[in-house]
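The primary structure of each chain is shown beneath.
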2 protein chains.
Amino acid sequence: MAHRLPDLEALELLVAVAETGSLGQAAARQGISQPSASARMSTLERRLGVRLLVRSPSGSRLTSAGLVVTDWARAVLQQAYALVEGAAALRARQHGRLRVTASLTVAEHLMPGWLVRLREVDPGVHLELNVANSTLVIERLRAGEADLGFIEGRGAPRDLHSRAVARDRLVVVVSPDHAWARKRRPLRPVELATTPLLLREAGSGTRETLEAALTPYGGVAEPVLELGATAPLRLAATSGTAPAVLSALAAADEIAAGRLVEVPSELPLDRVLRAVWPRGRELPDAALHLLRVARGSL
Amino acid sequence: MAHRLPDLEALELLVAVAETGSLGQAAARQGISQPSASARMSTLERRLGVRLLVRSPSGSRLTSAGLVVTDWARAVLQQAYALVEGAAALRARQHGRLRVTASLTVAEHLMPGWLVRLREVDPGVHLELNVANSTLVIERLRAGEADLGFIEGRGAPRDLHSRAVARDRLVVVVSPDHAWARKRRPLRPVELATTPLLLREAGSGTRETLEAALTPYGGVAEPVLELGATAPLRLAATSGTAPAVLSALAAADEIAAGRLVEVPSELPLDRVLRAVWPRGRELPDAALHLLRVARGSL
DNA sequence: GGTGAGCCATAGGCGAACCCTATGACCTCC
DNA sequence: GGAGGTCATAGGGTTCGCCTATGGCTCACC
């Protein structure tokens, strides 16, 4: 068992074989020779320990196992393409035509998908992505350092255009072992306000939304732990003893996987994610495309 | 630009660096030497064209771009792990202790996640996964060729235990260019019954559910195209001129990506995914664990 | 029934990529 | 000032993957 993880290029090849019905054609599509493709598929089958193809002199068809694996491969590749597109946008090397600044939540969870879609709509686009918190996004727009921004939480300032592009909500999550995981009645706001939580650091959009919502109930209690990013927060929540409050987008995977449980809550913690841009300036075409793609998920 | 796609092991290393704060420790966790890790990260940065780490004699921290890329990497890896677990289950080499047979929808969209979770709950489990349509699943259970099955659609036969583990619904989807994409009023059942559609083949769970629901309205019209798997159906729908009916689970990614649009419909097309197993026989522990994991997503 | 086109696998040779060990430079803390 | 931690570079060896060339096989079409 030399390598545990498969090769993304091999998965791409598998999908190509599934769609073309032939190793040779798939090889051509991938820009490699037919024997290489043959070998690659063999090693993939060997590594996974599963027979994926039925080879015949008239072509290659997927086995039933191959059919399923191909679908899983598509899911892996979709994420990988999103990563590659995202990285390309982060690469500031050649200053892109369209300069976008996004808050962390948007950049992490939505932007990669938008970029993949944008590439399909408008393949020639060059986009430069910057990640900043909501306050900084607005500053950059005012300073003319960005053409388009994405923020979360509160409304946009008067001097900027804004348009809702997606919704998010904050959820209270606990590890499946936690007592609240078996809670049936929705959490009352006071309970949330008086319980020490795992939270993002003060100043983050998530934290601000929660504090605003809990102000009528005495504000948030002293946190058990403050973390500067979503990932460690999520990790702390999975293994931790305290509840965490974080974006539904960030928690979705862990909830689906059963590592976190959402605790129903009476407190409405919805928030709108908005595109913002300077008044008076005309949005370039690429920005309009991106806006349309982003609003597609609304 | 030699390779377009990054190396999964490099992504895994990146996550390890993010969590340990040091290239050396990350290398140890991955079972490679520190210089190899250093080189791997350098090539990853070069390939993506993004600076991910700030190296210092006291450790390595992520840049802001690195933070985001790491999160994207986690998403890629999650899918990859699911694929690997799934492949391990499909590998029939040593007959597993727990023999599971699942319908295509369950196998494609839910099983990999369950397996990853199951591995965490019960690392020693050996599971053998078979994919079959709902009818065959039941046959295999009766013949004693499987310990546990998962089916979709109609209720289970009397001679089998059954338990709902998840919900799914069929959705009507069209490409964004299709006229129905701008439809505001929900589709009336008669419209659906009289429109030629893209459908799965007769006998599949999806098709049966739809036919049952449309029987009061005259049954389904002659399909434009019948396809034997979900992937080509999805593909046909994205580029096609006709609406398709498929599982919400299968369409979710494409809808999120904006390649497909869900058409609201009056017809309730919900269906329950059920675990089924023979009456009278006792379920092994591993099966109970899997059941609990599966019900977690309910 | 034969012929050609398309498919796949094997063989051989080459090149690049990767990994490991060893070493050195640097910072931090004691 | 030394010890323990960090990371980078250099050198050597091996493995892996690719490509070209070739052969066997099936199918379709004449």
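Please read these numbers as outputs of a predicted model, since none were measured by experiment. (Residues numbered from 1 in each chain as written. Chains lettered and ligands numbered in written order. Predicted model: local features only at pLDDT ≥ 70, side-chain atom pairs only at ≥ 80, totals over all residues. Heavy atoms only, no water.)

## Remarks on the interface of chain A and chain B
Alright, step 1. In this assembly, 52 residues from chain A lie in contact with 52 residues from chain B.
Alright, step 2. Here chain A packs against chain B, burying approximately 4,800 Å² in sum over the two surfaces, 64% of which is carbon and sulfur.
Alright, step 3. Applying the counting rule to chain A against chain B returns six salt bridges.
Alright, step 4. For Glu12 of chain B, the salt bridge identified is with Arg4 of chain A, shortest N-O distance 3.4 Å.
Alright, step 5. Only helix H1 (8-20), helix H3 (34-48), helix H4 (64-90), helix H5 (104-109), helix H6 (111-121), strand E4 (127-131), helix H10 (230-239) and helix H11 (248-257) of chain A provide two or more residues apiece to the side of chain A that touches chain B.
Alright, step 6. Broken down by element, the residue count for the side of chain A that touches chain B peaks at 20 residues, all from H4 of chain A.
Alright, step 7. In terms of residue class, the side of chain A that touches chain B is built from 31 nonpolar, six polar and 15 charged. (Contact = heavy atoms within 4.5 Å. Buried area = accessible area lost by both parts, 1.4 Å probe. Salt bridge = Lys/Arg side-chain N within 4 Å of Asp/Glu carboxyl O. Helix = DSSP H or I, 4+ residues; strand = E, 2+ residues; numbered from the N terminus. Nonpolar A, V, L, I, M, F, W, Y, C, P; charged D, E, K, R; others polar.)

## Some words on the layout of surface pockets
Alright, step 1. Put simply, the second largest pocket is a space of about 640 Å³.
Alright, step 2. Sorting the residues of the lining of the second largest pocket by element identifies H1, strand E2 (59-62) and H4 of chain A together with helix H5 (104-109), helix H7 (134-142), helix H9 (205-214) and helix H10 (230-239) of chain B as the ones contributing at least two each.
Alright, step 3. The element contributing the most residues to the lining of the second largest pocket is H4 of chain A, with six residues.
Alright, step 4. Each residue belonging to the lining of the second largest pocket can be placed in one class, and the counts come to 13 nonpolar, 13 polar and eight charged. (1 Å grid on protein atoms, 1.4 Å probe; cavity = no way out; pocket = protein on both sides within 12 Å on 5 of 7 lines; lining within 4 Å. Points joined across faces, edges and corners; volume = space filled by probe spheres on them.)

## A few points about the pattern of salt bridges
Side-chain pairs of opposite charge can arise where the charged atoms are in close proximity.
Alright, step 1. For the structure on display, the rule yields 41 salt bridges over all chains.
Alright, step 2. Arg259 of chain A is the partner of Glu120 of chain B in a salt bridge, and the nearest nitrogen-oxygen pair spans 2.4 Å. Highlighted residues: Glu120 of chain B in helix H6 (residues 111-121) and Arg259 of chain A in the loop between H11 and strand E10 (261-263), drawn from two different chains.
Alright, step 3. On the basis of relative accessible area, Glu120 of chain B is assigned to the partly exposed category, the value being 40%. (Buried < 20%, exposed > 50% of the residue type's maximum accessible area, 1.4 Å probe, protein only.)

## Let's talk about empty space enclosed by the protein
All names here are of chain A.
Alright, step 1. Under the criterion given, the structure shown has five cavities of 30 Å³ or more.
Alright, step 2. Put simply, the largest cavity is a space of about 80 Å³.
Alright, step 3. For the largest cavity, the full set of lining residues is Leu104, Thr105, Glu108, His109, Arg200, Thr206, Thr230, Leu233, Leu246, Ser247, Ala250 and Arg271.
Alright, step 4. When residues of the lining of the largest cavity are traced back to their parent elements, those giving at least two are H5, H10 and strand E9 (244-247).

## Thoughts on the packing of H4 of chain A against helix H4 (residues 64-90) of chain B
Alright, step 1. The interhelical angle for the contact between H4 of chain A and H4 of chain B, taken along N-to-C directions, is 170°, at an axis separation of 10 Å. Between H4 of chain A and H4 of chain B, the angle falls in the class roughly antiparallel. Only Ala65, Val69, Trp72, Ala73, Ala75, Val76, Gln79, Ala80, Leu83, Gly86, Ala87 and Leu90 of chain B of H4 of chain B make contact with H4 of chain A, whose side of the interface consists of Ala65, Val69, Trp72, Ala73, Ala75, Val76, Gln79, Ala80, Leu83, Gly86, Ala87 and Leu90 of chain A.
Alright, step 2. When the residues that make up the contact of H4 of chain A with H4 of chain B are grouped by side-chain class, the tally is 20 nonpolar, four polar and no charged. (Axes fitted to C-alpha atoms, helices over the stretch in contact; angles between N-to-C directions. Parallel < 35°, antiparallel > 145°, perpendicular 65-115°, else oblique.)

## A few points about the protein's contact with DNA strand C
Alright, step 1. Residues in contact with DNA strand C amount to 21 residues; listed here are only the nearest, Ser38, Arg55 and Ser60 of chain A together with Ser36 and Arg40 of chain B.
Alright, step 2. In DNA strand C, the atoms that sit within 4 Å of the protein are 68% sugar and phosphate, with bases accounting for the remainder.
Alright, step 3. A distance of 2.9 Å separates a phosphate oxygen of DNA strand C from a polar atom in the side chain of Gln25 of chain A.
Alright, step 4. Here Arg40 of chain B contributes a side-chain N or O atom positioned 2.3 Å from a phosphate oxygen of DNA strand C.
Alright, step 5. Listing elements by their share of the surface near DNA strand C, those giving two or more residues are helix H2 (23-30), H3, strand E1 (53-56) and E2 of chain A together with helix H3 (34-48) of chain B. (Near = heavy atom within 4 Å. Polar contact = N/O pair within 3.5 Å; in protein donor to acceptor, adjacent residues only side chain to side chain.)

## Topic: the relation of the copies chain A and chain B
Copies of the same chain, two in number, are related to each other by a rotation about an axis and a translation along it.
Alright, step 1. With an RMSD of 0.1 Å, the operation that places chain A on chain B is a rotation of 180° combined with a shift of 0.0 Å along the axis. On this basis, the relationship between the two copies can be described by a two-fold rotation axis. Residues of chain A ranked by C-alpha distance from the rotation axis are headed by Val76 of chain A, positioned 2.9 Å from it.
Alright, step 2. A symmetric contact is evident, with 100% of the interface residues of chain A recurring at the interface of chain B. (Least-squares fit on C-alpha atoms with pLDDT ≥ 70 in both.)

## Examining helix H12 (residues 285-296) of chain B
At 3.6 residues per turn, the α-helix brings residues three or four places apart onto the same side.
Residue and element names in this part refer to chain B.
Alright, step 1. Taking 1.5 Å of rise per residue, the twelve residues of H12 would be expected to cover 16 Å, and the 17 Å separating its terminal C-alpha atoms lies within 8% of that figure.
Alright, step 2. Within H12, burial applies to Ala286, Ala287, Leu290, Leu291, Val293 and Ala294. Angular distribution of buried residues about the axis of H12 spans 165°; they occupy a single face of the element. Within H12, the exposed residues directed more than 90 degrees away from the buried face are Asp285, Arg292 and Gly296.
Alright, step 3. At its buried positions, H12 is contacted by strand E3 (98-102), H6, strand E4 (127-131), strand E5 (148-153), strand E6 (160-174) and strand E11 (270-278). (Expected span 1.5 Å × (residues − 1). Arc of directions from axis to C-beta.)

## Here's the deal with the protein's contact with DNA strand D
Alright, step 1. Not every one of the 20 residues close to DNA strand D is listed here, only the nearest: Ser36 and Arg40 of chain A together with Leu23, Ser38 and Arg55 of chain B.
Alright, step 2. The contact atoms of DNA strand D, taken as those within 4 Å of the protein, divide so that sugar and phosphate hold 67%.
Alright, step 3. The contact in question runs from a phosphate oxygen of DNA strand D to an N or O atom on the side chain of Ser22 of chain B, over 3.3 Å.
Alright, step 4. Taking Ser60 of chain B, its side chain carries an N or O atom lying 2.7 Å from a phosphate oxygen of DNA strand D.

## Some words on the side chain of Glu254 of chain B
Alright, step 1. Note that Glu254 of chain B resides in helix H11 (residues 248-257).
Alright, step 2. Only 2.8 Å separates the side chain of Glu254 of chain B from the side chain of Arg259 of chain B, close enough to count as a polar contact.
Alright, step 3. With residues near it in sequence (within four places) discarded, Glu254 of chain B still touches Gln78 of chain A together with Arg234, Thr238, Arg259 and Leu260 of chain B.

## Structural notes on the side chain of Thr195 of chain A
All names here are of chain A.
Alright, step 1. On the secondary structure map, Thr195 appears in the loop between helix H8 (189-194) and strand E7 (198-200).
Alright, step 2. By relative accessible area, which is 18% here, Thr195 ends up buried.
Alright, step 3. Apart from residues no more than four positions distant in its own chain, Thr195 is found in contact with Trp180, Ala221 and Pro243.

## Structural notes on the packing of aromatic side chains
All names here are of chain A.
Alright, step 1. Enumeration according to the criterion identifies two aromatic pairs over all chains in this entry.
Alright, step 2. Residues Trp114 and Phe150 carry aromatic rings whose centres are separated by 5.1 Å and whose planes lie at 50° to one another, so their mutual orientation is tilted. Separated by 36 residues along the polypeptide, Trp114 in helix H6 and Phe150 in strand E5 (residues 148-153) bring together distant segments of the chain. (Phe/Tyr/Trp six-rings, centres within 6.5 Å; stacked < 30°, edge-to-face > 60°.)

## Looking at H10 of chain A
Alright, step 1. With seven of its ten residues buried, H10 of chain A lies for the most part within the structure.
Alright, step 2. Buried within H10 of chain A we find Thr230, Ala231, Leu233, Arg234, Ala236, Ala237 and Thr238 of chain A.

## Some words on the packing of helix H1 (residues 8-20) of chain B against H3 of chain B
Residue and element names in this part refer to chain B.
Alright, step 1. Put simply, H1 and H3 touch, their axes get as near as 10 Å, and they point 110° apart. Comparing the axis directions of H1 and H3 gives the class roughly perpendicular. Contacts between H1 and H3 pair Glu9, Ala10, Leu11, Leu13 and Leu14 from the former with Ala37, Arg40, Met41 and Leu44 from the latter.
Alright, step 2. Among the residues making up the contact of H1 with H3, the classes are represented as seven nonpolar, no polar and two charged.

These results come straight from atomic positions and should not be treated as a statement about function.
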